[in-house]
Each structure stands twice: as C-alpha cells, then as structure tokens.
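Single-letter residue listing:
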Amino acid sequence: MSWEPVIGIEVHVELLTDSKMFCGCAVGFGAEPNTNVCPTCLGLPGALPVTNRAAIESIMAIGLALNCEVSERSVFHRKNYFYADLPKNYQISQFDNPVCVDGHLDVDVDGVIHRVGIERAHMEEDTGKSTHVGAGGRIHAAESTLLDFNRSGVPLVEIVSRPEIRSAAEARAYALELRSVIVELGVSDARLEEGSMRFDANVSIRPVGSTELGTKVEVKNMNSFRSLERAVEHEIARQIELVDSDGAVVQETRHWDEEAGVTHSMRTKEGSSDYRYFVEPDLVPMVLDRQWVQRIRETLPELPAQRRERYRGDGLGGSLAGVLSAADPALRDIYEAAVAEGADPKAAANWVTGEVIGWSRRHDVAASELQFDGAALAELVGMVGEGRISSSAAKEVLDGVLSGEGSPGQVAEARDLIQIGDRTSLGALVAEVLAASPRAVEGYRGGDEKVVGFLVGQVMKATQGKADPRLVDELLREQLSA
Amino acid sequence: MRPGPGVAEAGRQLRAGETTSVRLLEGVLERAGSSEAQVHAFLTIDRDRALETAAQADADLADGIDRGPLHGIPIALKDNMCTRGMETTAASQILAGYRPPYDATVVSRLGEAGAVVVGKTNLDEFAMGSSTENSAYGPTYNPWDTTRVAGGSSGGSAAAVAIGSATAALGSDTGGSIRQPAALCGVVGMKPTYGTVSRYGLIAFASSLDQIGPLTRTVEDSALTLEAIWGHDPFDGTSYSGDYPDPKAGLSRGVTGLRVGVVKELSGEGYEPAVESATADMVAKLESAGVEVVEVSLPSFEIALSAYYLIAPAECSANLARFDGIRYGHRGQGATTEALMARSRAEGFGPEVTRRILLGTYALSAGYYDAFYGQAQRVRAAIQEDFGRAYQQVDVLVSPTSPTVAFEAGARTSDPLAMYLSDICTIPSNLAGHPAISLPVGLDGQGLPIGFQVMAPPLGEGVMYRVAAEVERLAGFDVAPGLEEVAS
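It should be emphasised that the depicted structure is a prediction, and the values quoted were computed from it without experimental measurement.

Engineer: Would you take a moment to explain the overall build of chain B for this structure?
Structural biologist: Scanning chain B from N- to C-terminus turns up 16 helices and 13 strands. In terms of its C-alpha atoms, chain B occupies a principal-axis envelope of roughly 65 × 55 × 50 Å. With 488 residues in all, chain B has 61% of them scored as buried. When contacts within chain B are restricted to residue pairs at least 6 apart in sequence, those whose partners lie at least 24 apart make up 76%.

Now the structure itself:
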C-alpha cells in the first residue's frame, strides 16, 4: 500500500514586548537567573495577572499577517498541570476562544505554491526553565534541578496549522516562511537556537486516497529548520515501516535526537491529557474592538510574500526575488533606490545579494552601516552595462566605493579601471597586434578558431586589461576577415 | 468589658485631643490580652510595629497631617491578606512561617489612610468554612458564648471587632465569609460589589467570588472603612474602573419612599424561629419608617448553594495548585519532584481544603465539565437574571444573614453539608457579584446576636448603606459580648 504523510505544525513564538504577559517584569534573554521576577510571575500567594496590551497587539498583527480572523471577543483559560517550572501549576492560555482563527499561509515548495491552513493563533504565557544537574542533564537520574523564572510569564503566541502539510520539505518551507513573517512584523527575534521560536510537528500517515486522519505522533526538540525536516522525514519513514510490518502507530510524544537522527518515545498519551481548562477568573474577557484591529492592520509592514511578488514584477526570477526579499532591509533599500534611478533590476539585485553582502561579511560591517546607496549602485550597474568597466574591474570599483574612496566613476578613474572603449584607438591597436602575429593570422585563415582567444589576450595585454574584451573580439574578427 | 470606641468615634476623640492613636492601640491590645486565651481571634499580633505606626500617626496629626477617617485607627486584617515581612498563613500549615515580600493593595491603602495594623486574624484554612474551626492553628470562639463558633471564615476579624481587640477589621467574603461571622458575633459586616476592592495580595480561594470588605461596629464605620480601601487598582485585572458611588451619602437620609423586597426563598425550613421573628420585626419597623415592603420570589436561590459548591471548589482547585513546596511554604520529602509536591500538599492542607480541591478537580474533569461546572455557570446566570428582575421592583432586598445564630463548636464539623447550609442566605450575592451587608438587629433567647442582611444591585452601596443605617437606628442594638461574665 502506498502511504500519504499528514503533518500539522505547532509553533511557539516568544514576543519581544518590553514587559511580560501578565506583569511588569522585563523580557530578555541572558539575564542572571531569577532577576526578572515579581510576585505574579513567581506565582506567589495573592498575586494577580494583568493583560499586556502590547502583546495583544502583536498577536493581532501575527493573525492579520496570516490572513486570520481576529475574534471580537477573546477569553483566557487556565490550563492545569503540575510542573516545577510552572509556578502557579496552571498556565494562562486560551482554549475555545483564541484571539486569531482561520488563516492561511502560502509556501513555495520547489517553485510550487502550497496553501497551508492555519487553525488558530492564541496567546499564552511561557513557563520558567528547568536545568537538571548531574546525570548529563537527564531528568530521571539528575541530582538536582535548578529553576529560573526569568522566562516565566513571557508572552508566547502559539500558531497551530491545519494538518495540511504533506512532506518534510513542505514542513520546512512552512516553518521558514512563518519565521520570515514573524521577523518582518518585528514582534519577536524568532531565534531557534535561543528558543524564542520553537516547533512541534504532529505526524501521521494514511493510505493514499483516504480522507481520515491516522494516529498522530507529536515530535519535539527540533532546533533548526534542517532538524525539523529531518525529524519529520524520519518519523514518516518510521511510521510507514511500522505499519508495513503489521505494527500500529501509538499516539505519543517523541523526542528528536539530532545526533542519532532518530526519534525516541517520551511519554505515551492515554487519550489526551486532561488539562481541566476553565475560564481564567482573574481576567475579564478581551473585547477586540474593530477599529483597534483596523489600526493594527494599517500598521502591518509589506510581508515577504507580497515583496517577492513585487520583485518578480521587477523582472527578477523566483529564486533571486526570494533571496533579495529575505536580505537585510538596508540592502533592499539600496536595490530599490537603484532601480528607481533606472538601474537594471536583475543586475542590481545580483550585485546586492552577491558582492555587496559578501563585502559586508568579509569586512564585518552591518548592512545598514555600508557607505553605499542606490545612486552608487545604479552608476556601477550602468558602467558595466555600457562596457565602461569590465565585470572584474567592477568588483574592484565596488571595493573602492565601499572603502570610502568615492563614487564608482571616481574610483574607476582613480584606480585606472576605465576600459578603452572607442573603436578607432582600439582598432589601431588590433591592427598592430595582427601585424606582429603573422602565424596566428595564417592559422585563423586556415580555419583555426582558437587563435582568436590568443589574439584577444595579446590586445588585452597591450592595454593592461583595460579594453572591453567583447569589442576586441569583434574588431579582431572584422580585420581578420577583411 | 466594653469594646472601646468605633472608627468614627475614635476619630472624633483623636481630633479633639481626647485620646491618641497610641492610647487607642493600647486599649485594643489590652482587650486582646484579656480575651485571646478564650476567643483566639488572632494568629499574629505585631505589637512593636503597631506601636511604631500609632506613634507616627500621632506625630503626623500633631504636624497637621491628617490622612482621613482611618488615621490612627487600630485595624486587624484577616490572615489571607499579604503583609510585607509579617507572617501570612491563610490559617494553613502549608504557609506556616511564610512572610510575603509585598503588601496586598488593601494593606497599602490602609497604610496611606494612616491606619494602624494590629495583627492578623484567624480564619478557616484558605477561607474555606463557616465556623473558623478549619484553622490549622485552632478555632476562634464566639465572644458572646465561647462554647460556640464565631462563624467564618472571617471569624477572627468578627470576634476581634466584637470584643474591641480591633476597632475595625477586614475580612474576605466568597460565599458569606464576612457577613455570616458578623451576624454570629453581633457586628456589621459588608461585602462590596465585585471588583470594587482590589484582590491583589488576597490569597485566592475562588477568584470570581472573593471580595474584601470591612467588619465594624457601626454602619457609618463600615462606610468609612470601605471608602479607604476601595477604588480602581491597575494590579487587579477584574478591578472596576468606572465611577464609584459615595457610600456615606445616604446615611442620614432615612428610607421614606424606598421599596424593600423580602426574599421569599430565604425563610422557612431550617430557619430558627428567633431569626425569622427578628427579621419580620425589622421588616415591620422599616414599613413603619416609610418604606414600601414587597415580597419577592427569586426561585434560582434554591439552587444557588449547589452551584456555589461547584464553582468555588473548581476555582480553588486551580488557585491552590501553586502550593507545591517548590518555591515557598511547607516542603514534604519525596524522591521525585512529583512525590515531593504530592507529599507537601498532603501534609500541608487540612481535610476541608483537600475535600474542596478534590471536588473542584472532579467537577472540571473531561466528561464532567458540562454537567457540573457548565451547569453551575448557567445557574449563576439565572441568579443574576432573578436579581435583575427583582431590582426592577425594589431598591434593596432583605433577609436573615444566617438561618441560625451561633452554633455549638464541633456541632457541624463532621457534617459538611450542614455546615454549607450556614451560607444559604449570603451566597447569591457572591454569585451575582452584588453588594450586601449584615448588621445585628437583636439577641435571641440565649443572648446570641441575630444578623439582618440588606442586599443591593451592583454599585448600589449608597442605597444599601442608607437602608442599613435606618435598620441600625430602628434596631437600637447597643449591647456588647459579656466576655468577663463568661470567663468568671
């Protein structure tokens, strides 16, 4: 039988608000343990939560960017479970009335656009962090556990896709696209390695053609896009192998082991855990006024998909449009200003995403700090297009411009990189070279095409590389055929 | 032993130079000294800190700094309100020795109002109970008869005010926990509109029902104390942010022209004859004083108690989950984190708290939620609708506060359902979030106080106090517990 994978992805995003979800403590990575804490995020007796308005605006922006509906009224629930780093032993989360519902995200898998449905995006608070000491950090044999509540109460948005992803590659593409949207909105730093963006994948398989869902397995602990793809791929293969050898998939949570490249069972879920959700009585229902939603909608930036579409409209290919769209905003600004000055979009995009990025990395200069603008890029692209400088000379010109030596024209002059481009003087030079190379001329007339390359080389040598090679080639053939 | 002056009278004496805050406090401490062995109203008395605050209050007043009606007044706090650096236990073993790092909003407000905190009063553990017998530190007894209970859960606050070991006190009321002990101890106890007094720093029992309020000896004192503690608090997400009424506005206006509803469902079987006749007498007196009396029926009141005993335990099961021995409070031994948490809780919580946590956990469980918690929420909505219909006809509703006077200590401890019935008259106001007050209207044949309840619509504290002030005048209740006679 042939099997179809069915994948849904849950993404947790920590918001980069000034303060936590329900108290005034600062949000930040890397502070001394238990310094950003107060009675509320420590779950002390008597402390109460107060909703952070900025976090609600952030989740509304996320929802709108993901084409969701923003609920007019939204409610917090308590999700009850005991865990040492969950200070109240319940998490304030959302249940049947989340802030955002029914959206979608279009993702590009090898040039084909897939639309992935988004069931919901809801608001919740993060837990603290447990560090198990001894026994290599494994919980069961650990000697002790350290608790850091700095992360406790940090605003967390959970985005739940519909089970509409059909391959590991699509899972990865979805995660990447989602991250680019979040980064574009500026609501989170979305760093996988710091855990400010975390993925869980729900994977099941079913016979091709079936519309029923199989038993799902939740896969956790993927901390890169690559490990997400590998983990999903592995899990699909594991399930198919299991079922093909007459086994059955068990509903459980599995832990991805990056080094071994396999998933391990963490715990078996008997049915689903009973979190005993009920309405959080310490908070009143949120009324998400339509005018408020409209104001948030108006402040949304151009999203990656819209920008890629616009770049494709400039004439860029899909891949180049994607790379440029994902580039630093300062670089995109340079590109856009150069195109506005009349530069060829494709050439401008290639320069920006190639040499300019390369230079900034080599010199460790942030894109926004570069001494470069759209006018300079347009001038550079123009000079190459007109044949005034060669492609290789242009790289030198760029280096000069970025090193602060002046405009492309000034650098080309100063570094003596302008090509000899006028036919008369170059024609005379060509004639001189031909006169000095009678054997080559004879060879050409005898049908040996290769000598043209040698002759071009001779002319270039005579001009110290400043001739336009295409023009030299053309003049050589003219005179040889005469 | 007379209980000493109330809030308004003590304030008058202070400003007339007839007494000082320190002397008021000394009087209060002296009465505590001679009554605590029999009554046990307090869990903590912080004599030094109180004396320091009182001396400061005197110095301020001498410098012309007058912080208002509570300036220099000795006030006791139920021990479920957090006081920075002062032990706060909620009468539970699980919080033995716990000193909060912060003050509850009401404590800060009392501080700003110049009040002097005498100490922390006894309660049923986590405010769960109606007799203050569920305290891990021993019961509070009724000053009118120390073989009887003080009511609860704010029994310590009610007893302290009755004796005068506090001039006023704060309690918390989830299902009647201010009003019922006030009734049983012969003092004035008031539960404000939900959301008007901040719950920040109140150790939660049932968040959607809990409300802090004053226990005092007079209606005026109640209004003065309420004014000092209520108002919008940005630290409480359920705090009311609109306009607040003036609770004192109607105190001396009389009641002519008002319509008073007598709740039909809060009478009959289970109500002591003395309680019923005292209630009827007061209704008759009110009628003579110029109110129009209407009998009203609120059928949903019959099932209010059942709904309450699903909602309150459900909320408490989550609210008390934080007491796990990990960050503070009693820690039991266990080989794993889970075992440590389980042990801490098993050792730290008393039987009634455990019972309610189990009840609430069950009521919220998958498959039972709708039949229990969901249904209880629908009853709650029905109660609100019934109240709404009644208030289209009448300005306030009246009833007994408690079906009985103070009962014998130990009489109901082994019968939780009988104990739960103590709150049958008070629970509807909590479920609806409405204000209500209890005040003494007389003594029964055994010399035990009888409480009378006035309920009002949300933010109806003005009309509630207006009627209560008239009830107080009509009752002429001017007796104090004869503790010395009992003792001798």
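Engineer: Whenever I open this one, the overall build of chain A confuses me. Can you help?
Structural biologist: The helix and strand tally for chain A stands at 15 helices and 16 strands. Its C-alpha atoms give chain A a radius of gyration of 30 Å, more than 25% over the compact-globule value 23 Å for 482 residues. Once the C-alpha set of chain A is aligned to its principal axes, its extents read approximately 95 × 55 × 50 Å. Put simply, chain A has 482 residues, and 39% of those count as buried.

Engineer: Where do I start with the sheet that holds strand β7 (residues 188-191) of chain B in this structure?
Structural biologist: Strand pairs in the sheet, formed through backbone hydrogen bonds, run parallel or antiparallel to each other. All names here are of chain B. Ordered in space as β1-β3-β2-β6-β8-β7-β12-β13-β11-β9-β10, the 11 strands form an open sheet in which the pairing is mixed. Every interior strand has two partners, whereas the edge strands, β1 (42-45) and β10 (292-296), have only one. Within the sheet, the average angular offset between the axes of one strand and its neighbour, ignoring direction, is 30°. Both β7 and strand β12 (residues 436-443) contribute to a ladder of 3 bridges, which runs antiparallel.

Engineer: It is not clear to me how helix α8 (residues 273-288) of chain B should be interpreted in this structure. Could you clarify?
Structural biologist: For an α-helix, 3.6 residues make a turn, and residues three or four places apart therefore share a direction. Residues and elements named next belong to chain B. With 16 residues, α8 should reach 22 Å at 1.5 Å per residue; the first-to-last C-alpha distance of 22 Å fits that figure. Listing the buried residues of α8 in full gives Val275, Ala278, Thr279, Met282 and Leu286. All buried residues of α8 lie within an arc of 100° about the axis, which places them on one face of the element. Opposite the packed face of α8, turned more than 90 degrees from it, sit the exposed residues Pro273, Ala284 and Ser288. Looking at the buried side of α8, the elements it contacts are β9 (259-263), β10, β11 (396-400), β12, β13 (449-455) and α15 (461-475). Glycine 290 sits one or two positions beyond α8 and adopts a positive phi of about 115°.

Engineer: Help me understand the sheet that holds strand β5 (residues 90-93) of chain A, please; the structure alone is not making it clear to me.
Structural biologist: Residue and element names in this part refer to chain A. Strand order across the open sheet formed by 3 strands is β5-β4-β15, with antiparallel pairing between neighbours. With one partner strand each, in any of the chains shown, β5 and β15 (278-279) form the two edges of the open sheet. Examined bridge by bridge, strand β4 (residues 77-80) and β15 share 2 bridges and lie antiparallel to one another. When the sheet's bridge partners are listed, histidine 77 is paired in β15 with valine 279.

Engineer: Even after reading the chapter, I still don't get the domain arrangement of chain B, so can you show me in this structure?
Structural biologist: When the parts of a complex come together, some accessible area is lost, and that lost area is often taken as the interface size. Residues and elements named next belong to chain B. Taken domain by domain, chain B consists of domain 1 (7-252 + 478-487) and domain 2 (302-376). For domain 1 and domain 2, the distance between their C-alpha centroids amounts to 28 Å. Opposite the 20 residues of domain 1 that make contact, domain 2 presents 17 residues. Taken together, the residues of the side of domain 1 that touches domain 2 sort by class into 11 nonpolar, 8 polar and 1 charged.

Engineer: Got a minute to help me understand the domain arrangement of chain A in this structure?
Structural biologist: Looking at chain A, the domain boundaries give domain 1 (3-295), domain 2 (302-414) and domain 3 (423-481). The distance between the C-alpha centroids of domain 2 of chain A and domain 3 of chain A comes to 34 Å.

Engineer: I'm lost on the pairing of strand β10 (residues 155-161) of chain A in this one. Help?
Structural biologist: Regular strands have side chains that alternate between both faces of the sheet. All names here are of chain A. Of all the 7 residues making up β10, 5 are buried; the element is thus mostly covered by neighbouring parts of the structure. The sheet contact formed by strand β1 (residues 3-14) and β10 spans 5 bridges and is antiparallel. Counterpart to valine 13 in the pairing with β10 is valine 157. With 7 bridges connecting them, strand β7 (residues 112-125) and β10 associate as antiparallel partners. By the bridge assignment, methionine 123 is partnered in β10 with valine 157.

Engineer: Whenever I open this one, the environment of arginine 31 of chain B confuses me. Can you help?
Structural biologist: Here arginine 31 of chain B is to be found in helix α2 (residues 21-39). Note on arginine 31 of chain B: 20 C-beta atoms within 10 Å, which makes it buried.

Engineer: How should the nonpolar core be read in this particular structure?
Structural biologist: Most often, soluble globular proteins keep nonpolar side chains buried together rather than apart. Ile75, Val396 and Val454 of chain B are the most contacted members of the largest nonpolar core, which totals 222 residues. Tallying contributions element by element places helix α9 (residues 304-319) of chain B first for this core, with 10 residues. Discounting chain neighbours no more than four positions away, the residues touching isoleucine 75 of chain B are Leu70, Leu110, Ala115, Val116, Val117, Val118, Ala166, Thr167, Ala168, Ala169 and Leu170 of chain B. Leu320, Tyr335, Ala393 and Val411 of chain A belong to the second largest nonpolar core, which has 33 residues in total.

Engineer: Any chance you could explain the confidence of the model for chain B here in plain terms?
Structural biologist: Regions with low pLDDT should not have their predicted coordinates read in detail. Averaged over chain B, the pLDDT score is 96; the fraction of residues at 70 or greater is 99%. Here the prediction assigns the complex a pTM of 0.91, and the interface score ipTM is 0.96.

Engineer: Explain unusual backbone geometry to me, please; I cannot follow it from the model alone.
Structural biologist: If a residue is not glycine, its phi is most likely negative; likewise, a peptide bond is most likely trans. With omega at 10°, the peptide bond leading from glycine 152 of chain B into serine 153 of chain B counts as cis. With respect to the secondary-structure elements, serine 153 of chain B resides in the loop between β5 (145-149) and α5 (155-163). With phi around 60°, asparagine 67 of chain A is a residue other than glycine that occupies positive phi space. With respect to the helices and strands, asparagine 67 of chain A occurs in the loop between α1 (53-65) and β2 (69-70). You can call asparagine 67 of chain A partly exposed: it has 15 C-beta atoms within 10 Å. Of note, the phi angle at aspartate 110 of chain A is positive, near 50°, even though the residue is not glycine. Judged by local crowding, aspartate 110 of chain A falls into the exposed class, with 7 C-beta atoms found within 10 Å.

Engineer: Hey, could you run me through the environment of lysine 220 of chain A in this one?
Structural biologist: Residue and element names in this part refer to chain A. Secondary-structure assignment places lysine 220 in strand β12 (residues 217-222). According to the C-beta neighbour criterion, lysine 220 is partly exposed, with 16 such atoms within 10 Å. As a C-alpha pair, lysine 220 and proline 98 span 122 residues in sequence and 23 Å in three-dimensional space. Those residues within four positions of lysine 220 in sequence are excluded, and the remaining contacts are Asp200, Thr253, His255 and Trp256.

Engineer: What should I look at first to understand helix α8 (residues 345-362) of chain A in this one?
Structural biologist: Residue and element names in this part refer to chain A. Its 18 residues give α8 an end-to-end C-alpha distance of 25 Å, which sits within 8% of 26 Å, the value for a rise of 1.5 Å per residue. Its maximal kink placed at valine 352, α8 deviates by approximately 35°. Burial in α8 covers these residues: Pro345, Ala348, Ala349, Trp351, Val352, Thr353, Val356 and Ser360. Buried residues belonging to α8 abut α6 (318-326), α7 (329-340) and α9 (374-385). Looking one or two residues beyond α8, the residue adopting positive phi is aspartate 364, at roughly 55°.

Engineer: I would appreciate a short explanation of the environment of glycine 342 of chain A in the present structure.
Structural biologist: Mapping glycine 342 of chain A onto the fold places it in the loop between α7 and α8. A C-alpha to C-alpha distance of 9.7 Å links glycine 342 of chain A and valine 381 of chain A, two positions 39 residues apart in sequence.

What counts, and where the lines are drawn
Residue indices begin from 1 for each chain and proceed along its sequence in written order. Throughout, the order in which chains and ligands are written sets their labels, letters from A for the former and numbers from 1 for the latter. Given that the model is predicted, a residue must reach a pLDDT of at least 70 before its local features are reported, and side-chain atom pairs must reach 80 or more before they are shown or counted; all residues, however, enter totals for whole chains, interfaces and linings. Helix and strand labels come from DSSP, where a helix needs a run of H or I of at least four residues and a strand needs a run of E of at least two; each type is numbered from the N terminus. With C-beta atoms placed from the backbone, a residue is labelled by how many other C-beta atoms lie within 10 Å of its own: buried for 20 or more, exposed for 12 or fewer, partly exposed between the two. Residue pairs qualify as contacts under a 7 Å threshold applied to their C-beta atoms, which are placed from the backbone. Two things to know: the radius of gyration comes from C-alpha atoms, and the globule rule equals 2.2 Å times the number of residues to the power 0.38. Strand pairing is defined by DSSP finding a minimum of two bridges between the two strands. For helices, the fitted line uses only the C-alpha atoms of the stretch in contact; every axis is such a line through C-alpha atoms, and the angle between N-to-C directions lies from 0 to 180 degrees. A helix's residues, less one, multiplied by 1.5 Å, set its expected span. The directions from the helix axis to the C-beta atoms form the arc being described. These domain boundaries are the output of an automatic or database domain assignment. All residues other than Ala, Val, Leu, Ile, Met, Phe, Trp, Tyr, Cys, Pro, Asp, Glu, Lys and Arg, Gly among them, are scored as polar; the first ten of these are nonpolar and the last four charged. Joined through C-beta atoms within 7 Å, a set of buried Ala, Val, Leu, Ile, Met, Phe, Trp, Tyr and Cys residues constitutes a nonpolar core. Each residue carries a pLDDT score, the predictor's own confidence in it, on a scale running from 0 to 100. Across the chain, bend at a residue is computed as the angle between axes fitted to the seven residues ending at that point and the seven starting from it.

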